[in-house]
Each structure stands twice: as structure tokens, then as C-alpha cells.
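Breakdown of the fold
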Amino acid sequence: MDDPRIAVIEDRLKNIRTILAVSSGKGGVGKSMIASLLSVTLAKKGYKVGLFDLDFTSPSTHIILGVGKLFPKEKKGIIPPQIHGLEYMSIIYYSGKYASPLRGADISNALIELLAITRWNTLDYLIIDMPPGISDATLDIIRFIKRIRFLLITTPSQLAFETVRKLTELLLDLRVPIIGVIENMKMKESEFVQQQIEGMNIRFQGAIPFDTQLEAAIGDVEKLLHTEFGQELQSIVDKMD
Amino acid sequence: MHEWALAEAVISTALQIAEKEGIKEVKEVRIKIGELQQIEPDILEFALSQLKTDRLGSTEFNLHTTKAELKCRVCGEKWTFDKGKLDQNKAEAIHFVPEIAHTYIKCPKCGSPDFKIQKGRGIWLESIRGVK
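Rules behind the numbers
Within each chain, residue numbers correspond to sequence positions counted from 1 in written order. Written order determines the labels here, with chains lettered from A and ligands numbered from 1. Note on the predicted model: pLDDT of at least 70 is required for a residue's local features to be given, and 80 or more for side-chain atom pairs to be given and counted; whole-chain, interface and lining totals, by contrast, use all residues. Derived side-chain values reflect all non-hydrogen atoms in the structure, with water molecules and hydrogen atoms excluded from consideration. Working rule for contacts: check all heavy atoms of both residues, and any pair within 4.5 Å makes them a contact. Buried area adds together the accessible area that both of two parts lose upon being put together, with accessible area traced by a 1.4 Å probe. A pair is scored as a salt bridge if a Lys or Arg side-chain nitrogen falls within 4 Å of a carboxyl oxygen belonging to Asp or Glu. Helix and strand assignments follow DSSP, with helices taken as H or I runs no shorter than four residues and strands as E runs no shorter than two, numbered in order from the N terminus. Axis definition: a line fit to C-alpha positions, over the contact stretch in the case of helices; interaxial angles, taken between N-to-C directions, run 0 to 180 degrees. Just so you know how the angles are binned, under 35 degrees is roughly parallel, over 145 roughly antiparallel, 65 to 115 roughly perpendicular, and the rest oblique. Left-handed describes a crossing whose near helix is turned anticlockwise from the far helix through less than a right angle; right-handed describes the clockwise counterpart. Residue polarity follows a fixed list, in which Ala, Val, Leu, Ile, Met, Phe, Trp, Tyr, Cys and Pro are nonpolar, Asp, Glu, Lys and Arg are charged, and the others, Gly among them, are polar. Think of it this way: DSSP has to see at least two bridges between two strands before they count as a pair. Remark: exposure states derive from per-residue accessible area (1.4 Å probe, protein chains only) relative to the maximum for the residue type, with buried under 20%, exposed over 50%, and partly exposed in between. Here a polar contact is recorded for every N or O atom pair within 3.5 Å, except that within protein the pair must consist of a potential hydrogen donor and a potential acceptor, and residues adjacent in sequence are included only if both atoms are side-chain atoms.

The extent of an interface is frequently quoted as the accessible surface area lost upon association of the parts. Between chain B and chain A, the contact holds 32 residues from the first and 31 residues from the second. Broken down residue by residue, the surface that chain B buries against chain A is led by Phe96, Glu99 and Trp124 of chain B, which jointly contribute 19%. Put simply, Arg103 of chain A and Asp114 of chain B hold a salt bridge, and the shortest N to O gap is 2.8 Å. Of all the secondary structure elements, the ones that give two or more residues to the side of chain B that touches chain A are helix 1 (3-21), helix 3 (88-96), helix 4 (101-104) and strand 6 (123-131) of chain B. If you tally residues by element for the side of chain B that touches chain A, the top one is helix 1 of chain B, at ten residues.

Rendered as C-alpha cells:
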């Protein structure tokens with residue numbers, strides 16, 4: 001038996017110029033914050049941007065962006081609603097405030113379903129907020145989106161960096177493009193991460209200092225953009241652009 | 001209704017298989033629909049009839065629904081999906097993403113959300129028959 005959904009995924013993404021997965025080997029390094037503000041920053045620069053929260057069991061971009069009672073429209077599929085100038089898609093529309101305890105096969109199925117039925121408009125960028133690690137969602141994204149590129153996030157901690165190093169090696173082995181690494185939550189001067197990244201011939205996109213004011217700005221995009229974190233990210237995006 | 005999106009997926013897959021197997025004229029496509037997804041067969045059938053291309057001009061789409069069977073991974077209890085026990089919003093969420101069943105359905109015996117959807121999930125292209 002054939003799963004018909006797979007045949008239509010490429011077609012659903014054909015009008016998107018760049019598809020970028022924001023990923024890390026570890027949780028808690030700031031992937032969702034960077035994916036959310038990267039999306040908003042690109043949209044403010046005039047690009048057409050979509051954000052897809054792929055962390056099905058622990059979605060959080062809706063909290064960062066202060067998404068209220070949005071719901072996709074149905075029109076021969078589902079149309080992601082707009083917020084802060086972005087087309088925004090998350091499983092949260094369906095799971096609401098309740099937990100979604102999903103095993104790997106369920107995550108794959110939900111991912112295929114949403115890729116097959118979501119109708120994005122023409123976009124310059126689709127930013128995908130990935131769950132941590134190198135399990136089902138990461139492997140599926142690589143399997144189903146041939147044009148995928150990765151932006152990796154680490155912290156200065158050797159615990160986070162070691163997992164990012166492994167993720168980097170996996171992506172290099174699979175010949176999946178990595179556009180670079182951002183070092184987040186930097187607390188003291190050290191070039192360790194940058195040297196290691198550049199030693200693997202990967203672009204070091206920049207470092208963002210640990211920002212004690214960030215938590216208080218969650219849910220308010222304008223405030224977030226004016227935090228030290230937001231400003232640093234914008235200067236990294238300016239250099240990437 | 002996202003039956004249209006799924007119909008497009010069926011058409012794409014049928015054409016891919018026909019191409020691969022050298023079928024010039026597809027006579028029949030058998031489609032299995034899982035009850036859990038609550039697909040409206042009439043809408044799916046209409047969408048298929050609207051979307052089909054020349055190669056599928058005389059194709060008969062045979063749809064049949066499989067009852068959803070769930071089995072608890074914790075206590076082994078088996079049960080069937082009962083849409084009537086869910087409010088409309090929850091049933092609709094499962095319609096869009098069947099895995100959301102794990103959010104709203106619990107094992108009737110032990111209360112665990114850790115169950116396997118043994119049968120009746122999603123949509124499958126079961127077989128394709130035609131003239132080579």
C-alpha cells in the first residue's frame with residue numbers, strides 16, 4: 001500500500017525559495033526564540049516568511065510570538081494564518097493547551113500530514129523550528145524536503161556543543177547544507193565554539209550574549225526585537241542577508 | 001475541507017505508480033480510508049473526479065473505510081474509536097491531524113494516552129489496475 005501524502009509534499013513547497021531548519025542537538029539552547037525572531041526579522045526586512053513549529057510534543061513559538069486565538073482557514077487544504085507579518089503553522093491549533101504525547105512514528109505521521117495538507121503562499125523563507133536532537137523529525141525533514149538547509153544553534157556549554165558537533169557531522173555526511181552556527185547565551189569571552197565550528201569548515205554566524213531581560217519580553221514581539229538578544233540577532237541576520 | 005488536499009495526493013500517487021508500472025489507462029484505484037480521520041467520502045470522491053487527468057479519465061475510484069482500532073501500550077486494552085464521545089472541536093482536530101488522538105483520547109481501562117492506532121488511520125492507496 002502506498003501513502004499518497006508523500007507524493008504531494010514537494011508540490012506544496014514548490015513556491016518557497018529557501019527552507020531553513022533551525023536545529024540543535026540539545027533542548028534549551030534557544031532554537032525556538034531564534035527561529036521566531038529570525039522569522040519576524042526577515043519579515044520586517046520585506047521578505048515573505050513562513051514559520052512552522054515542528055516541535056510537536058513541546059511547541060513554544062506560539063508563546064514567544066504571543067499567538068492568540070488563531071486558526072487556519074480551510075481551502076482545499078489548510079491555509080496558515082498570518083501573525084506579525086508571518087504565515088504561521090503549529091500543531092498548537094489542534095492540540096491547544098493539552099499535552100501531545102507522541103512516539104516517533106506518530107511524529108512522522110503528523111509531520112507528513114501537515115506537510116501534505118498545508119498550503120503556503122509564495123515565500124522567500126520558510127523557517128522550521130525543529131525539536132532537539134537527531135531523531136524522527138530531523139530524519140524526516142531531510143527525507144522529505146530535499147532542499148532543506150540547516151541553521152544550527154549551540155550554547156558555549158560543552159554539553160550542548162558536543163551534540164551540535166554530532167549533528168554537524170551527520171548533516172555533512174548526508175550532504176545537507178549547513179548555513180552556519182549561532183552561539184547563543186554566551187556569558188564570557190571565549191573563542192572555543194567559533195574555532196571548533198570553523199575547524200569543521202562551517203560558517204560561524206555569530207554569538208548572542210545571555211540576556212537576562214529576554215524572559216520578561218516573551219509574548220511581545222516588539223519588546224523582543226528591542227532586547228539585546230533581538231538586536232544581536234538582527235545584526236547576525238543583516239550579515240547573513 | 002482538506003479532502004481536496006488528500007485527493008491531490010491520491011491523484012499524484014496514482015499517476016506516479018501508473019508511470020512506474022507502464023499503465024497507459026488506469027481503470028481502478030482502490031483507496032482505503034481510516035475511520036479516525038473522519039474523511040467525507042462524498043467530498044473526496046467529488047474532489048477526485050474534478051482533479052483527475054486524461055490518464056485517469058475512465059478511472060473508477062473505489063473508496064472503503066476501515067474501522068479504527070486502538071490498543072493501549074500500557075495495559076493491552078483494545079477499543080474502537082467513537083466520534084460521538086468527543087466534542088466537535090476535538091473530533092475536528094483529529095480530522096486534520098489524526099495523531100492528535102493522543103491528545104484527546106485515553107485508554108478506557110487505565111487512562112493512558114500511550115496507545116497504538118492499529119487500524120483506521122489516514123488514507124492509503126491500496127491498489128491500482130489498468131491497461132498497459
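Residues and elements named next belong to chain A. Where helix 2 (residues 31-44) contacts helix 11 (residues 228-240), the axes come no closer than 10 Å and their chain directions differ by 60 degrees. On the basis of their axis angle, the class for helix 2 and helix 11 is oblique. For the pair helix 2 and helix 11, the crossing hand works out as right-handed. Side by side, helix 2 and helix 11 meet where Met33, Ile34, Leu37, Leu38, Thr41 and Leu42 of the first sit next to Phe229, Gly230, Leu233, Gln234 and Val237 of the second. Looking at the contact of helix 2 with helix 11 residue by residue, the classes come out as eight nonpolar, three polar and no charged.

Moving on to the packing of helix 5 (residues 104-117) of chain A against helix 6 (residues 136-144) of chain A. Residue and element names in this part refer to chain A. Contact geometry for helix 5 and helix 6: axes closest at 9 Å, N-to-C directions at 40 degrees. One element, helix 5, and the other, helix 6, form an angle in the oblique class. In the packing of helix 5 onto helix 6, the handedness of the crossing is right-handed. Contact residues: helix 5 offers Gly104, Ala105, Ile107, Ser108, Leu111, Ile112 and Leu115, while helix 6 offers Asp136, Ala137, Asp140, Ile141 and Phe144.

To continue, consider the sheet that holds strand 6 of chain B. All names here are of chain B. Taken together, three strands build an open sheet; the order of strands is 2-1-6 and the sheet is mixed. In the strand order of this sheet, the two ends are held by strand 2 (60-66) and strand 6, each with one partner. Ignoring which end each strand starts from, the neighbouring axes of this sheet average 15 degrees apart. Bridging between strand 1 (residues 25-34) and strand 6 involves eight bridges; their strand directions are antiparallel. Directly across from Arg30, in strand 6, lies its bridge partner Ser127. Against the sheet, helix 2 (residues 41-51) makes contact with strand 1, strand 2 and strand 6, and its axis sits at roughly 155 degrees relative to strand 2, the strand it touches most.

Moving on: the side chain of Lys186 of chain A. Residues and elements named next belong to chain A. Tracing the backbone shows Lys186 in strand 9 (residues 178-186). With a relative accessible area of 18%, Lys186 lands in the buried category. A polar atom in the side chain of Lys186 sits 2.7 Å from the backbone oxygen of Ser190. Ignoring anything within four residues of it in the chain, the contact list for Lys186 reads Pro156, Ala207, Ile208, Pro209 and Phe210.

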